[in-house]
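What the coordinates show
Each chain is listed here by its residues.
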Amino acid sequence: QVQLVESGGGLVQAGGSLRLSCAASGRTASGYGTGWFRQAPGKGREFVAAISGSGGNTYYADSVKGRFTISRDNAKNTVYLQMNSLKPEDTAVYYCAATTRTFLQVVITQYTYWGQGTQVTVSS
């Protein structure tokens, strides 16, 4: 079993930056494909970014490409999401999720383990 805990959310003005962290514990998620998803009020959960187990491959939703960067430190069992140039439409609860495979996934149903989420609010 893998436990994921997100941190780093908060309130920021438009144009600002935040860095989210996803710490894994239990049966190590180091080496598993990991992704970030978000869910805004009244909307479904959507894909944001994913990274392969080695960190060598990444993939982003078009809406965040060029502004967000996903990375990982397997020695610390932690995946990060650096979010720059934030917009009010980025406001959502952000979730970290892990697969049981080494390659990255973009389909939500491929993710087995989920964190509880962290709130990101961007004011205009």
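What comes next is a walk through the structure. (Residues numbered from 1 in each chain as written. Predicted model: local features only at pLDDT ≥ 70, side-chain atom pairs only at ≥ 80, totals over all residues. Heavy atoms only, no water.)

**Regarding the pairing of strand S9 (residues 92-98)**
Put simply, the rule reads: Burial status follows relative accessibility: with a 1.4 Å probe on protein chains alone, a residue under 20% of its type maximum counts as buried, one over 50% as exposed, and anything between as partly exposed. Here a helix means four or more residues in a row that DSSP labels H or I, a strand means two or more in a row labelled E, and each is numbered from the N terminus. Strands are labelled as partners when DSSP assigns at least two bridges between them.
In terms of burial, S9 is a largely internal element, six of the seven residues being buried. When strand S4 (residues 34-39) meets S9, the two strands line up antiparallel, connected through six bridges. Looking across to S9, one finds that Trp 36 is bridged to Cys 96. Two elements, S9 and strand S11 (residues 118-123), share three bridges in a ladder whose sense is antiparallel. Looking at the pairing, Val 93 lines up with Gln 119 of S11.

**Here we look at the state of the cysteines**
The following threshold applies: Any cysteine sulfur atom paired with another within 2.5 Å is treated as part of a disulfide.
Counting across every chain of the model gives one disulfide. Disulfide partner of Cys 22: Cys 96, at an S-S distance of 1.9 Å. Residues Cys 22 and Cys 96 are joined by a disulfide whose S-S torsion is about -70°; by sign, that bridge is left-handed. Of the two residues, Cys 22 is situated in strand S3 (residues 18-26) and Cys 96 in strand S9; the sequence distance between them amounts to 74 residues. When sorted by exposure, Cys 22 lands in the same class as Cys 96, which is buried.

**Details of the sheet that holds strand S1 (residues 2-7)**
Note the cut-off: Axis geometry follows a simple rule: fit a line to the C-alpha atoms, using only the stretch in contact for helices, then measure angles between N-to-C directions, giving values from 0 to 180 degrees.
Spatially, S1-S3-S8-S7 is the arrangement adopted by the four strands of the open sheet, whose pairing is antiparallel. The open sheet has two edge strands with one neighbour each: S1 and strand S7 (68-73). With strand direction ignored, the average angle separating the axes of adjacent strands in the sheet is 15°. In the sheet, S3 pairs with strand S8 (residues 78-83) via six bridges, with the strands oriented antiparallel. Each residue of the ladder has a partner; that of Cys 22, found in S8, is Val 79.

**A word on the packing of aromatic side chains**
Which entries qualify depends on this criterion: For this analysis, a ring pair means two rings from Phe, Tyr or Trp (six-membered ring only for Trp) whose centres lie within 6.5 Å, classed as stacked if their planes differ by under 30 degrees, edge-to-face if by over 60, and tilted for the remaining angles. Put simply, a charge is over a ring when the Lys NZ or the Arg CZ is close to the ring centre, within 6 Å, and near the line of the ring normal, within 35 degrees.
Within this structure, the stated rule accounts for five aromatic pairs. Between Phe 37 and Tyr 111, the ring centres sit 5.0 Å apart and the planes meet at 80°, which makes this aromatic pair edge-to-face. With Phe 37 in strand S4 and Tyr 111 in the loop between S9 and strand S10 (113-114), this pair connects stretches of sequence that are 74 residues apart. Residue Phe 37 is classed as buried on the basis of its relative accessible area, which comes to 1%. Seen from the ring of Trp 114, Arg 45 lies directly overhead, with NZ or CZ sitting 5.0 Å from the centre.

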